[in-house]
Amino acid sequence: PRQINRWPSNESSEPLTDSPRVLITGGLGQLGVGLAQMLRKQYGEENVILSDIRRPPNEVYNMGPFVYADVLDYKNLRELVVNNRITWLVHYSALLSAIGEANVALARTINITGLHNVLDLALENCLRLFVPSTIGAFGPSSPRDPAPDLCIQRPRTIYGVSKYLHHKYGLDFRCLRYPGVVSAHTKPGGGTTDYAVQIFHDALSTGHHECYLRSNTRLPMMHISDCHRATIEFMQTPESQLSLRTYNIAAMSFTPEEVAEEIRKHLPHLRVTYNPDTIRQTIDSWPVRFDDSNARQDWGWKPAFGLSELVTDMLASIREKRT
Ligand code: AKB
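Everything numeric in this text was worked out from a predicted model, so none of it was measured.

> Could you give an account of the overall build of the chain, naming the residues involved and the relevant values?
Within the chain, the regular secondary structure consists of 12 helices and 13 strands. By the compact-globule yardstick of 20 Å for 323 residues, the chain fits well, its C-alpha radius of gyration being 19 Å. Across its three principal axes, the chain shows a C-alpha extent of roughly 65 × 45 × 40 Å. Counting the 323 residues in the chain, one finds 44% classified as buried. Partitioning the contacts of the chain with sequence separation of at least 6, the portion at a separation of at least 24 is 77%.

> A description of the pairing of strand S9 (residues 208–211) should follow, citing residues and the corresponding values.
Burial along S9 is one-sided: the face carrying His209 and Cys211 is buried and the face carrying His208 and Glu210 is not. Here 4 bridges tie S9 to strand S13 (residues 271–274), and the two strands are oriented parallel to one another. If you follow His209 over to S13, its bridge partner there is Val272.

> Break down the nonpolar core for me, citing the residues and quoting the values.
Of all hydrophobic cores here, the largest spans 86 residues; its most connected members are Leu89, Val182 and Ile249. Broken down by element, the residue count for this core peaks at 7 residues, all from helix H5 (residues 104–125). The contact partners of Ile249, leaving out residues within four places of it in the chain, are Leu176, Arg177, Tyr178, Ala230, Phe290, Asp292, Ala295 and Trp301.

> A description of the packing of helix H3 (residues 74–83) against H5 should follow, citing residues and the corresponding values.
Following both chains from N to C, one finds H3 and H5 inclined at 35 degrees, their axes separated by 10 Å at the closest point. Crossing geometry of H3 relative to H5 is assigned as right-handed. Side by side, H3 and H5 meet where Tyr74, Leu77, Arg78 and Val81 of the first sit next to Asn117, Leu121 and Asn125 of the second. The residue makeup of the contact of H3 with H5, split by class, is 4 nonpolar, 2 polar and 1 charged.

> An account of the environment of Phe305 is needed here, citing residue identities and associated values.
Tracing the backbone shows Phe305 in the loop between helix H11 (293–299) and helix H12 (307–322). C-beta crowding within 10 Å serves as the criterion here: with 21 such atoms nearby, Phe305 is assigned to the buried category. For Phe305 and Leu204, which are 101 residues apart along the polypeptide, the C-alpha to C-alpha distance reads 21 Å. Dropping the residues within four chain positions of it, Phe305 is found in contact with His223, Asp226, Ala251, Leu310 and Asp313.

> Which residues make up the sheet that holds strand S12 (residues 252–254), and what are the values?
If you walk across this open sheet you meet the 3 strands as S8-S10-S12, and the pairing is mixed. Edge strands, defined here as strands with exactly one partner in the open sheet, are strand S8 (180–182) and S12. The mean inter-strand angle of the sheet, taken between neighbouring strand axes irrespective of direction, is 45 degrees. Relative to strand S10 (residues 219–223), S8 is paired through 3 bridges, and the arrangement is parallel. Of the residues in S10, the one forming a bridge with Val181 is Met222.

> Report on the packing of helix H7 (residues 195–204) against H12, specifying residues and quantitative values.
Their axes nearest at 10 Å, the elements H7 and H12 cross at an angle of 60 degrees. In this view, H7 runs oblique relative to H12, as classed from their interaxial angle. As H7 runs across H12, the sense of the crossing is right-handed. For the pair H7 and H12, contact is made by Phe200, His201 and Leu204 and by Met314, Leu315, Ile318 and Arg319, respectively.

> I'd love a proper account of the site of the ligand, names of residues and values included.
Near the ligand, the surroundings consist of Leu96, Ser97, Thr134, Ile135, Gly136, Tyr159, Gly180, Pro188, Gly191, Thr192 and Thr193. Looking at the shell around the ligand, its residues break down into 4 nonpolar, 7 polar and no charged.

> With reference to specific residues and values, describe helix H1 (residues 32–43).
Taking 1.5 Å per residue, 12 residues should reach 16 Å; H1 reaches 16 Å between its end C-alpha atoms and fits that length. Turning to H1, its buried residues number three or more, namely Gly32, Val33, Leu35, Ala36 and Leu39. Projected down its long axis, H1 carries its buried residues within an arc of 155 degrees, all on one side. Along H1, exposed side chains directed more than 90 degrees from the buried face belong to Lys41 and Gln42.

> Hey, could you go over the confidence of the model for the chain for me, with residue numbers and the actual values?
Across the chain, the average pLDDT comes to 93, with 94% of residues at 70 or higher. Counting interchain partners and residues more than four positions distant, the pLDDT-below-50 stretch residues 7–16 has 8 contacts. Listed scores for the predicted complex are pTM 0.93 and ipTM 0.98.

> How would you explain unusual backbone geometry if you had to name every residue and give the values?
Here Asp145 and Pro146 are connected by a cis peptide whose omega angle stands at 0 degrees. With respect to the helices, strands and loops of the structure, Pro146 is situated in the loop between strand S6 (133–134) and helix H6 (158–162). If you check the backbone angles, Cys126 has positive phi at about 50 degrees while not being a glycine. Along the chain, the position of Cys126 falls in the loop between H5 and strand S5 (128–130). Positive phi outside glycine occurs at Arg154, with the angle close to 40 degrees. Tracing the backbone shows Arg154 in the loop between S6 and H6. Residue class for Arg154 comes out partly exposed when judged on the 15 C-beta atoms lying within 10 Å of it.

Each value, and the rule that gives it
Residues numbered from 1 in each chain as written. Predicted model: local features only at pLDDT ≥ 70, side-chain atom pairs only at ≥ 80, totals over all residues. Helix = DSSP H or I, 4+ residues; strand = E, 2+ residues; numbered from the N terminus. Rg over C-alpha atoms; globule rule 2.2 N^0.38 Å. Buried ≥ 20, exposed ≤ 12 C-beta atoms within 10 Å, placed from the backbone. Contact = placed C-beta atoms within 7 Å. Pairing = 2+ DSSP bridges. Core = buried A, V, L, I, M, F, W, Y, C linked by C-beta atoms within 7 Å. Axes fitted to C-alpha atoms, helices over the stretch in contact; angles between N-to-C directions. Left-handed = near helix turned anticlockwise from the far one by under 90°. Nonpolar A, V, L, I, M, F, W, Y, C, P; charged D, E, K, R; others polar. Parallel < 35°, antiparallel > 145°, perpendicular 65-115°, else oblique. Near = placed C-beta within 6 Å. Expected span 1.5 Å × (residues − 1). Arc of directions from axis to C-beta. pLDDT = per-residue confidence, 0-100.

Written out as structure tokens, the structure is:
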């Protein structure tokens with residue numbers, strides 16, 4: 001095991017500027033770029049560094065700082081944190097549920113070893129660390145409607161296991177359990193909730209969506225802007241206000257049939273066929289709804305988007321992108 005020294009809380013642990021200096025790992029996935037844009041509006045372009053192991057499109061380079069960071073390479077991460085005076089670390093690097101089940105060894109390495117690296121790094125450098133959790137961190141023995149913040153979890157997938165988190169040693173560790181995130185501008189990669197993004201693209205292109213879940217599989221979902229806002233508001237909350245370290249956040253829950261019905265209010269000809277696949281449908285032991293009352297009470301969480309707002313916004317945004 002790595003020897004971790006936690007610096008005394010004066011000198012080097014203190015933020016050197018009033019603004020946090022943020023590093024986002026796995027920044028080219030579904031969430032990183034949008035979160036960076038929102039953080040940069042508040043804290044300035046130079047104070048938010050996106051990172052990934054892939055080369056980003058030029059538009060991402062043009063938006064603000066981007067660096068190479070491999071979450072499996074501790075020395076590389078440490079250099080980035082030290083050289084850039086990082087004070088907040090947002091750890092988005094992970095393989096999602098379906099792709100994780102298909103590549104368990106790789107998911108174990110990235111999701112678990114990568115997480116251990118950022119935990120050590122945060123501890124060593126007194127960082128405020130954000131790691132997202134998920135509905136996938138629960139299993140068939142968890143209460144599902146609603147799933148409380150604290151209960152039996154026993155997840156069944158490697159992704160869920162890697163997101164079943166405890167905090168340690170007084171680290172300023174913060175974790176939100178995200179529902180499935182729905183966004184017009186960024187595609188998820190290899191998740192179970194991805195159909196809730198694809199169905200909008202299909203509705204506007206071919207008018208036909210083939211769904212890999214059953215029509216009645218109910219899962220918690222959230223518009224991406226609510227997800228980013230929740231993350232930032234939670235990170236900004238003083239530690240003294242937090243009664244937990246890991247909070248559920250909720251916005252809406254729907255089934256494929258319900259979202260299709262809502263889309264049909266705008267596009268009546270949408271046709272959906274169901275062809276449940278073996279990996280993703282068996283993952284379906286996740287909560288159908290989150291109890292997020294602790295997040296609402298402790299730090300004022302409140303979603304802006306319900307199902308009808310989500311559908312209207314998704315259709316308008318995808319249409320706009322296509323023109
Ligand atoms: C997935 O479907 O794997 C993710 C998640 C629910 O965490 N979107």
